[in-house]
Every structure is written in structure tokens, then in C-alpha cells.
Amino acid sequence: MALSASAKDYLSRFFPGPPSPLWETDPEFMELFANFALDEVVNQGDLDDAARMMAILAALLGCQGVEEYRVLLPAALRAGITPVQVKEILYQSVAYLGIGRVRPFFSVTNQVLTEQGVALPLEPGSTTTAETRLAAGNQAQVDIFGEGMRGFQNSGPEESRHINRWLADNCFGDYYTRGGLDYKQREMITFCSLAALGGCEPQLTSHAGANLRIGNDNAFLIQVISQCLPYIGYPRSLNALRCVNDAAQAAR
């Protein structure tokens, strides 16, 4: 099998420089993968390069693909994702994946950004204070999920109500209110991380519904799943597709 013209073009645009060692040890596999992921998949639909790369980075965080993330991050920067956006994807992922899964990605991200000449740390991106984060976080929940989330931090059994408060002030108040990404981008990356993580389909369905509510429509989410599929595999992609369909059905 020869490498297609489209795959060659994609490689030259986003992956200049020395080829992966896999081209020496596993050339047959690399041709199969590149022709699929860098031709057939990228030419499915009309998702732009920056959105595609943003979705894939979030998915790689979710599936713990740190080595592939290292390969893809320079390409994502070439596709137009800014260092601020890269960091925002990373920071927000901690709320959904936990620092235990995300910490290795900090090291890779900082190394790649430094190699690209980016001065670290970046400018602070927070828009809230200790006094405003709870109210701002709950407002973000309302903006994304609807008026039914108003006062969510005060709901639930007393013994677990603190977790609902943390969702409002930490997950949404600390992260969703930051600069660099808008709500549509943040919900997309959350969807991709959860899809790749697996085992959290109720939350994935909920965030699929949030995506639909704020304008990331059914066709867009299917395109996002399609672009992530080579990196997270068929089972989790099919689970994500089912969650999108369930959310779309519930929204009718």
C-alpha cells in the first residue's frame, strides 16, 4: 500500500521534520494508519484543523495517550491552537480526569511549548476571585445546562452537598470562567475527554446534551467523534455516538 497524496500533504503540513521511528520499524502499519487517520478521516466532513486538533488533544488526555499527545501537540500549534488554548484544555481536564491522569501531560506540554519558544508561565487567565467563583460557576452551569441548574450548589443530601458545591465553585467557577476558550469549545473538549475516558456514559450523555443546547449540534458532535476515532478506538467512539443519539432524542 502506498501513502496517499492527501496523507502525504497532511504529514508535510503538520508533521515536518524527522519522521517517527515507526516508519522504520513498522512501515506497513504506518501506511495503513496514515492513509486512514490523515486522509480518510480528516476528509470526512468539514471540521476545521484547529477544532479537529483541539478535540484530539482532549481525547488523548482522556485515554492517557501521552506519547501520542507529544507527537500531536506541535501539529496542533501549527493548526492554529494557541499556547493559551493548549493550557486551558490541560487545566480543565483536571476537573474531569483528575490530576493523577493529567500531571504527565503538564511535563510534555511545558517541554513542547518551551521548544517552540513560548515563555512560561503564561499570563494568568482567571476571571474570578475567592468571593465570586461560586456565583460565577453556578451562572456558568445555568448558561450551559439551563435554568434548572440555578442554585445547584445547595441541592442534594446534606452529607454529599459539598460535592455539588465543588462542582459549582471549582469545576465551573475555577475553570469554565477562565479566558482562552468559550463555552462551546469547553463543552466540546469535555465531551471528548469523557468519551475517551470511558465508563462514565451518564456524564457523557449529559455533556452531549449540554453541547447540543449551546450550539454544538448533532452533526458537529458526530464529526468530532469521527476525528477522535483513530486515537480512542471503535468501542468508545460507538459508545459516544450512542450518548449523542440519546441526548438528541431526549432534547426533542
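Data block above holds the structure.
Residues numbered from 1 in each chain as written. Predicted model: local features only at pLDDT ≥ 70, side-chain atom pairs only at ≥ 80, totals over all residues. Heavy atoms only, no water.

Take the nonpolar core next. In terms of nonpolar packing, the biggest core is built from 70 residues, with Met53, Leu57, Leu61, Tyr69, Ile89, Phe191 and Cys192 touching the most fellow members. Broken down by element, the residue count for this core peaks at 10 residues, all from helix α4 (residues 49-62). (Core = buried A, V, L, I, M, F, W, Y, C linked by side-chain atoms within 4.5 Å. Buried < 20%, exposed > 50% of the residue type's maximum accessible area, 1.4 Å probe, protein only. Helix = DSSP H or I, 4+ residues; strand = E, 2+ residues; numbered from the N terminus.)

The subject of this paragraph is helix α12 (residues 218-232). For α12, which comprises 15 residues, the first-to-last C-alpha distance of 20 Å matches the rise-based estimate of 21 Å (1.5 Å per residue) to within 8%. Contacts from the buried residues of α12 go to α3 (27-41), α4, α5 (66-78), α10 (183-197), α11 (201-214) and α13 (234-251). Following α12 by one or two positions, Gly233 adopts a phi angle in the positive range, close to 90°. (Expected span 1.5 Å × (residues − 1). Contact = heavy atoms within 4.5 Å.)

Taken as a whole, this structure holds 7 aromatic pairs when the rule is applied. Ring geometry for Phe33 and Tyr231: centres 6.1 Å apart, planes at 85°, overall edge-to-face. Taken together, the residues span a long stretch of sequence, with Phe33 in helix α3 and Tyr231 in helix α12 at a distance of 198 residues. Judged by relative accessible area, Phe33 falls into the partly exposed class, the value being 23%. (Phe/Tyr/Trp six-rings, centres within 6.5 Å; stacked < 30°, edge-to-face > 60°.)

In this section: a nonpolar patch on the surface. A contiguous nonpolar patch, built from Ile163, Trp166 and Leu167 and spanning about 290 Å² of accessible area, is present on the exposed surface. With respect to the helices, strands and loops of the structure, Ile163 is situated in helix α9 (residues 161-176). (Patch = residues over 30% accessible without salt bridge, like charges linked within 9 Å, V, L, I, M, F, W, Y side chains within 5 Å. Areas by Shrake-Rupley, 256 points an atom, 1.4 Å probe, with all protein chains shown as cover. Salt bridge = Lys/Arg side-chain N within 4 Å of Asp/Glu carboxyl O.)

Below, the discussion takes up the packing of helix α1 (residues 5-14) against α3. Put simply, α1 and α3 touch, their axes get as near as 8 Å, and they point 80° apart. In this view, α1 runs roughly perpendicular relative to α3, as classed from their interaxial angle. Here Ser6, Ala7, Tyr10 and Leu11 of α1 come into contact with α3, specifically with Ala34, Asn35, Leu38 and Asp39. Partitioned by chemical class, the residues of the contact of α1 with α3 number 5 nonpolar, 2 polar and 1 charged. (Axes fitted to C-alpha atoms, helices over the stretch in contact; angles between N-to-C directions. Parallel < 35°, antiparallel > 145°, perpendicular 65-115°, else oblique. Nonpolar A, V, L, I, M, F, W, Y, C, P; charged D, E, K, R; others polar.)

Our next topic: unusual backbone geometry. Pro121 follows Leu120 through a cis peptide bond whose omega is 0°. With respect to the helices and strands, Pro121 occurs in the loop between α7 (99-115) and α8 (133-145). You will see that Gln64, though not glycine, has its phi angle at about 65°, which is positive. By the element assignment, Gln64 lies in the loop between α4 and α5.

Another point: the pattern of salt bridges. Evaluation of the coordinates by the stated rule reveals 10 salt bridges. Two residues, Glu88 and Arg186, come together in a salt bridge whose shortest N-O distance is 2.9 Å. Here Glu88 is found in helix α6 (residues 83-97), whereas its partner Arg186 is found in helix α10, with 98 residues between them in sequence. We note that Glu88, like Arg186, is buried. A salt bridge links Arg133 to Asp169, with the shortest nitrogen-to-oxygen separation between them at 3.4 Å. Separated by 36 residues along the polypeptide, Arg133 in helix α8 and Asp169 in helix α9 bring together distant segments of the chain. Through salt bridges with shared partners, a single ionic network connects Asp9, Arg13, Asp49 and Arg52.

Such coordinate-based values are descriptive only and should not be taken to indicate function.
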